[in-house]
Amino acid sequence: MGLLSDPNRRRALISMLTRLNAPICVVCYFAGVAWFMGLAFEPFTLRTYMSENAMGSTMVEERFPAGERALATGREFAAHKKKVGGMPVDWLVKNMQDRGLEVFTQSFSRTLPFPDENKERYIVKGTNVYGILRAPRAPRTEALVLSAPCSPGDNNNQAVGLLLGLAQYFRNQIYWAKDIIFLVNEHDLIGMQAWLEGYHHTNTTGMSWSPLQGRGGSIQAALSLELSSDVITSLDLVLEGLNGQLPNLDLANLFYAFCQKIGVLCTIQGKLQRNDWDSVSGYNHAVQTMMLMVMKQASGRPWGDHGLFLRYHIEAATIKGVNSFRQYKTDATTIGRLLEGMYRKLNNLLERLHQSYFFYLMPSLSHFVSIGYYMPAFGLLAVILLLRALDLWVQLNTPPSTTQDGVADIDQQSSPGVLSVLTPLVISHLTGVALYALPIRFQETAVEHFPVSETEAVVLTAIAIYTAGLALPHNTHRLLSGEGTEQGWRVLKLVAVLYLAVLLGCTALINFSLGFILALTLVPLAAFVTPHVPKVLSAFILVILSPACTLLFSVFFFQELQDMPVSFQDGWLLYLSVISQGILDHSLYGSLVYPLIALLVYPCWLLFWNILFWK
Amino acid sequence: MAAHRCSCWSWLLILFSLSVFVVADIHETTPVNDHHGGVDHNAQTAEQTADQPAVEERRWEATEVKEAATVDAAADIQGTSAPETVVPSSVPQPKDDFQEELVIRPLHSGDIYASFQFRTLWDTDFMRENKVSHYRLFPKSLGQVISKFSVRELHISFTQGYWRTMQWGQPFIPSPPGAELWVWFQDSVTDVDATWKELTNVLSGIFCASLNFIDSTNTVQPSASFKPLGLGNVTDHSFLRYATLPREIVCTENLTPWKKLLPCGSKVNVPPFTCAFFFLKKRGTSMPSVSVLSFLLTMFSEQAGLAVLLKSEKLFHSSFHSQAVHIRSVCQDWQCKTTSWELRQTLNSVFDLHNSGQTKREWSLFKMFSRTLTEACPLASSSKLYIDITDNPQGEQFELSPATSLLSQAVVLGDRRTFSVYDLTQETTFGTVRSLNLLIRWKSNEGEMLRPLLHAERYVAGYGLQTGEIHTLMYNNHPYRSFPVLLLDSVPWYLRLYIHTLSVTSKGKDNKPSYIHYEPSKDRVKPHLLEMLIQLPPNSVTEVTVQFERALLKWTEYPPDPNHGFYVGSSVISSLVPSTVAMHTNSTRERPLFSSFFPCKEESSYFVRIYTEPLLVNLPTPDFSMPYNVICLTCTVVAVGYGSLYNLLTRSFQIEEPNPGLAKRIANVIRRMRGVPPL
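Residues numbered from 1 in each chain as written. Chains lettered and ligands numbered in written order. Predicted model: local features only at pLDDT ≥ 70, side-chain atom pairs only at ≥ 80, totals over all residues. Heavy atoms only, no water.

The name given to chain B in an unreviewed UniProt entry is Phosphatidylinositol glycan anchor biosynthesis, class T, with Haplochromis burtoni as the source organism.

Looking at an unreviewed UniProt entry, one finds chain A named GPI-anchor transamidase component GPAA1 and attributed to Haplochromis burtoni. Regarding chain A, the relevant UniProt record gives this comment under Pathway (unreviewed entry): "Glycolipid biosynthesis; glycosylphosphatidylinositol-anchor biosynthesis." (UniProt positions renumbered as here; feature names shortened; annotations may be inferred.)

This is how it looks when you write it as structure tokens:
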């Protein structure tokens, strides 16, 4: 700090930073990207290891025998489901009661803000059925959850069958120290949301549900099971939850450990692990896996029924059975034994899962990147904003013309300066509020006047407001303050750059992936935009790097990563549905990505748009 | 050699004197026992003629219809929780008396509920006499505790598991999960808190439990919920202390000391006795009578009576286990001129059908306890086994074998129950095989359990680590009667209750409690105490909610497993519940019309105490995984970062004049010497 308290050296440092600002920024940007890409390289990552002692050293035996019977139960369930045309509540209640569980039901209803075209639902009414296995001598203080969604069609019948089979087997054991709740939820995430809200007696999303009659105390961990065929080739672990929250890494470790022990193929992001990390294709594979995780996390939506548990500080994951055309097959008994083992270990927990990491990325199931390793990548991007801000600050303090006139100019400008900064800020944020609130509010009007469905109306209104915002703010400040000045845009840009830095910093702390992807696109434009660059080209670049286009690219990139490339036409349709899903996720589950983009990121981007067209 | 012989003689002497002593004792008690049986028989015949023509071949055992009602009604239901044999007051009572009984109730779920009660009565006064030194049946360790700490009444229970009221109905003796201790002290005690502290430590030693964790932060003085159950009409609750330890885990180490308090429950090493017996025989000393021998045998070699069944490997293989000790003073006779001390040891457990790995719904004593009964405890004046057959009057639900013709009826928890009785003091009970292995075999699993009229549940609502809300739900399932309940909540200080958010609602309307007693907590010193008298409307759910804030503890105050969460003890709900017997008055066909117009007093309502589940609450917890790193890092950041930033902000900087040249400096020196200001 002596460096800064010595005025001479301070001056030297600052002049160096301002002189070399552009090269340093470029270097930082590429260093950040390179660092991020390096994370997937296996020698740079850590092997996963079990941190929780209660789950590590204790051995458990898996003896679940009744896989075939579970599948038969699943078929029976399917028949009853078909007969009732929905959730066979009575059948489930009776079956769970026969297995010696305390059974309760919960009914819920929810009217969506606009119809969900992907899942074809608008007014949702349903019933959750859950049975509690009371731990023999525990006083209802702790619980574990095993859930299986009751999906429409022929999906997930095996999951329900296996759930009931496990319930029967678990009921006959004496060693349970935590209550185990077997939950069959209807309408996947909506039912799960209703159940969790009922269990914790909160209401964050305006859903109506009937209160729960039985509880098991504080839930320690939860697994959601999705299984659609009698035999499977591999099990896929889904971790990404609401708002990019992840369960404790020990849960993933537990799954991996048991897959190894029992000999089940396991994948993450649908990708098997490969051993050839030193080859290019092996590295590519790891990058793809990690990028898929980043994209899913950034989307902020729950990627399985487990995703909603994370809000309540319950470690949860979804296990999906995948049946592809591999040779190696696994039957239901083996999956049952795997789950039994996992539950027995979770049952041994003395404390909540807390020993391992909550912030991580996984390039494969056996390797992870902890927060300490990936944060520098973001830090290198964020430092660019600070350097630009410093540069602007210095430029503002040392005006280019040191004549008497120049000083007088500054004095003159300082008073309208506040207004000239405030006006675009307010206007762009109002545009953001409009983008957030209007699409749902005006869907009926839109449907009346245009030949579109409600969902299309919402999405198209959102896009229309987004585009209209481009025309608005850069013209307005002139009405108030007349001609924009040189100092004016500098002050505005300083504010905007610092605003962006804070915004991205906070986002990255909560959801690294989202923060990083936004930083990747917004930081370069924040760095280069001035009113003096070529207008048309810059405007084009600015639009390309805007949040909406980032989303569009992400859609294509995501499809590419999943080895399912789409044509532009399909991609566009997918893009529209992603927007509608984002809005729905916000109103149904409280996902924060849509309000974040609409209320903060988009206005911030508008400020830079404003600077470009500063007159 | 001489020394060896000497020791042998001294052994003999001790043994002989002991046997003489015992003979005297036995002679004293035997006639009483005989007489006792006779009275029983008389009573039976008397009852037989009066009652129940429907089941003629069945004999009815004399049941106590609360003759001590004047005392016991004031006390509470625990007096009636199990039927007792009449001890007519005209008979001179033994100085001390021991009774044992086991009640087995088959539950509708296929589970089975077994409840042991052992009662020791002793006509002595620990307070008045200087020193009670001769103990016979009453355990000395407890007697000394009573006299040393001037205890008026003591209730302690250790429970593992939670009593599932909705499946199992009401228990005979309720208890909360974990350990519970409540004590009324004599009003001669001056420093109650110090005595309480000492008492908990002593009890902790006696019962091998962590009762020493009871301190001022979890002790409360309820104003209304816990009244004395014995004699004495005390209202000054400053002599009452109540504490629970919801986290206490009950295991074999607690069972063994509890069993040792029983007259027939302890196991002493066999070798010394056999050795002594051998000597007796060899020396040709006059042989003690057979009764003495059998007595010695039971005293020294094996457990006898119902205590045989108390084997930890099976008792702890159950869904519920609760053991308790209740000490109180009761009337000696109906005039209540003198009092005697009553020690009641109870043990309740529920055996689970599913966990036992059996396919048929079938239970036997051997399956439950891995033992059968072979004899009564020789020291017991009564030793009985009751099977609740109320739901099975014609034997259509389950089948009992061996069958018994002895029946008994009692009003338990507001319900008239019928029991099959096996008297273990009778030789015929054990049959030809000399052992009783009672078998209960279900024939059908139909029939609905009567819904309990009152039950409660509790949970924590909300998410996050800042605030939360405690919800207590109380269900009144009575179709048309409302009744008041007394709710006691003791919440640790680290949940800071926002008492202004307290709300009581039933049927969507505000329900104003008629009595509220609230003592706010004091950080690190005492817990919250909230007592309310709430009227529960018929057929309703009453919800009590109160919000709280989670305190941030000092980092040394966290337990070794902070992420497990912190326990909040059960709420206690005490109530006089309208009886189901009264509810069914109109539909009772067995009773004569003239007896059933007004519901009888003792049946009109009954006392129930229920406990809710304890809560597990997470408090904001620092990351303890690397405290050292965290502390170091934080301190460094604060010291370096903050210090220099502060420096930069507060210091004013001035540009220093460039260094003057050498010539100028020399000139200045000269000028200073000349007294001229420097350049």
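Continuing now.
> Now, about the domain arrangement of chain B: what can you tell me, with residues and values included?
Residue and element names in this part refer to chain B. According to the domain assignment, chain B consists of domain 1 (96–265 + 302–442) and domain 2 (454–579 + 600–617). A separation of 27 Å is found between the C-alpha centroids of domain 1 and domain 2. Of the residues lining the interface, 29 residues belong to domain 1; the matching set on domain 2 comes to 36 residues. Across the domain 1-domain 2 interface, the total number found is one salt bridge. (Domains from an automatic or database assignment. Contact = heavy atoms within 4.5 Å. Salt bridge = Lys/Arg side-chain N within 4 Å of Asp/Glu carboxyl O.)

> Describe the pattern of salt bridges, listing the residues and the values that go with them.
All names here are of chain A. Taken as a whole and assessed by the stated rule, the structure comprises 34 salt bridges over all chains. Residues Arg-301 and Asp-585 are paired through a salt bridge, measuring 3.0 Å at the closest nitrogen-oxygen approach. Here the residue Arg-301 occupies a position in the loop between helix H10 (280–299) and strand S10 (315–322), and Asp-585 occupies one in helix H21 (residues 568–589), the gap between them amounting to 284 residues. Arg-301 sits in the partly exposed class, given a relative accessible area of 23%. Of the residues examined, Asp-585 reaches a relative accessible area of 4% and is grouped as buried. (Helix = DSSP H or I, 4+ residues; strand = E, 2+ residues; numbered from the N terminus. Buried < 20%, exposed > 50% of the residue type's maximum accessible area, 1.4 Å probe, protein only.)

> Can you explain the sheet that holds S10 of chain A? Please cite residues and give values.
Residues and elements named next belong to chain A. A sheet is described by the order of its strands in space; here nine strands give the open sequence S6-S2-S3-S5-S4-S7-S10-S8-S9, paired in mixed fashion. Looking at the sheet topology across the chains shown, the edges are occupied by strand S6 (208–209) and strand S9 (266–268). One ladder, built from three bridges, connects strand S8 (residues 234–238) with S9; its direction is parallel. Residue pairing in the sheet places Leu-237 in a bridge with Ile-268 of S9. Along the sheet, helix H11 (residues 332–347) makes contact with strand S4 (142–150), strand S7 (218–226), S8 and S10, crossing S7 at roughly 170°. (Pairing = 2+ DSSP bridges. Axes fitted to C-alpha atoms, helices over the stretch in contact; angles between N-to-C directions.)

> Describe the side chain of Arg-215 of chain A, with residues and values.
Relative to the assigned elements, Arg-215 of chain A resides in the loop between S6 and S7. Among the residues examined, Arg-215 of chain A registers a relative accessible area of 6% and is labelled buried. In terms of polar contacts, Arg-215 of chain A uses its side chain to reach the backbone carbonyl oxygen of Leu-212 of chain A, at 3.5 Å. Among all residues touching Arg-215 of chain A, those that are not within four sequence positions of it are Ile-132, Arg-134, Gly-198 and Tyr-199 of chain A together with Glu-457 and Tyr-459 of chain B. (Polar contact = N/O pair within 3.5 Å; in protein donor to acceptor, adjacent residues only side chain to side chain.)

> Account for the interface of chain B and chain A, naming residues and giving values.
By a frequent convention, interface size equals the accessible area lost on bringing the separate parts together. Contacts between the two partners involve 39 residues from chain B and, on the opposite side, 37 residues from chain A. When chain B packs against chain A, close to 3300 Å² is buried across both sides, 53% of that on carbon and sulfur atoms. In this structure, the connection of chain B to chain A is made through three salt bridges. Here Glu-457 of chain B and Arg-215 of chain A are joined by a salt bridge, their closest N and O atoms 3.8 Å apart. Our enumeration of links across chain B and chain A arrives at 13 residue pairs in polar contact (both at pLDDT 80 or more). Mapped onto the side of chain B that touches chain A, the elements with two or more residues apiece are strand S8 (320–331), strand S16 (454–461), strand S17 (467–476) and helix H13 (627–650) of chain B. Considering each element in turn, the side of chain B that touches chain A owes the most residues, three residues, to S16 of chain B. Split into classes, the residues belonging to the side of chain B that touches chain A amount to 17 nonpolar, 15 polar and seven charged. (Buried area = accessible area lost by both parts, 1.4 Å probe. Nonpolar A, V, L, I, M, F, W, Y, C, P; charged D, E, K, R; others polar.)

> Account for the state of the cysteines, naming residues and giving values.
Counted according to the given criterion, the structure contains two disulfides over all chains. Shown here is the disulfide that connects Cys-264 of chain B with Cys-377 of chain B, its sulfur atoms set 1.7 Å apart. Because the torsion about its S-S bond is 55°, the bridge between Cys-264 of chain B and Cys-377 of chain B counts as right-handed. One end of the pair, Cys-264 of chain B, is in the loop between helix H6 (252–260) and helix H7 (271–283); the other, Cys-377 of chain B, is in the loop between helix H10 (365–369) and strand S11 (382–388), with 113 residues separating them in the sequence. The two residues Cys-264 of chain B and Cys-377 of chain B agree in class, both being buried. Bridging Cys-331 of chain B to Cys-336 of chain B, the disulfide has an S-S length of 1.8 Å. With the S-S dihedral at roughly -70°, the linkage between Cys-331 of chain B and Cys-336 of chain B falls on the left-handed side. Residue Cys-331 of chain B is classed as buried on the basis of its relative accessible area of 18%. Classification of Cys-336 of chain B as partly exposed rests on a relative accessible area of 28%. In chain B, the bonded cysteines, numbered by position in the sequence, are linked as 1-4, 2-3. Looking at the unpaired Cys-604 of chain A, the closest cysteine sulfur is the one in Cys-506 of chain A, lying at 12 Å. (Disulfide = S-S within 2.5 Å.)

> Just give me the short version of the UniProt feature "transmembrane region" (unreviewed entry) in chain A, but keep the residues and values in it.
Residue and element names in this part refer to chain A. In the numbering used here, UniProt assigns the "transmembrane region" (unreviewed entry) feature to residues 20–41, 371–390, 418–438, 496–529, 536–558 and 592–614. Regarding residues 496–529, the helix share stands at 94% and the strand share at 0%, and the terminal C-alpha atoms are separated by 11 Å. Annotated as residues 536–558, this span is 91% helix and 0% strand, and its ends, taken at the C-alpha atoms, are 30 Å apart.

> Which residues make up H10 of chain A, and what values do they have?
Residues and elements named next belong to chain A. If you check H10, its first and last C-alpha atoms are 28 Å apart, about what 20 residues at 1.5 Å a residue would give, namely 28 Å. Most of H10 sits inside the fold, with 14 of its 20 residues counted as buried. Phi turns positive one or two residues past the end of H10, at Gly-300, with a value near 75°. (Expected span 1.5 Å × (residues − 1).)

> Can you lay out the side chain of Asn-511 of chain A for me, pointing to particular residues and giving the numbers?
Residues and elements named next belong to chain A. In this structure, Asn-511 sits in the loop between helix H17 (486–510) and helix H18 (512–528). Judged by relative accessible area, which is 4%, Asn-511 ranks as buried. Polar side-chain contacts of Asn-511 include one of 3.1 Å to the backbone oxygen of Gln-297. Once you skip the residues sitting within four places of it in the chain, Asn-511 turns out to touch Asn-243, Gly-244, Gln-297, Ala-298 and Gly-300.

> So what about the packing of helix H7 (residues 157–171) of chain A against H11 of chain A? Which residues, and what values?
Residue and element names in this part refer to chain A. At a closest axis distance of 11 Å, the pairing of H7 and H11 adopts a crossing angle of 55°. Regarding the angle of H7 to H11, the classification is oblique. The way H7 lies across H11 gives a crossing that is right-handed. Contacts between H7 and H11 pair Leu-162, Leu-166, Tyr-169 and Phe-170 from the former with Ala-332, Ile-335, Gly-336, Leu-339, Glu-340 and Tyr-343 from the latter. Along the lines of polarity and charge, the residues of the contact of H7 with H11 split into eight nonpolar, one polar and one charged. (Parallel < 35°, antiparallel > 145°, perpendicular 65-115°, else oblique. Left-handed = near helix turned anticlockwise from the far one by under 90°.)

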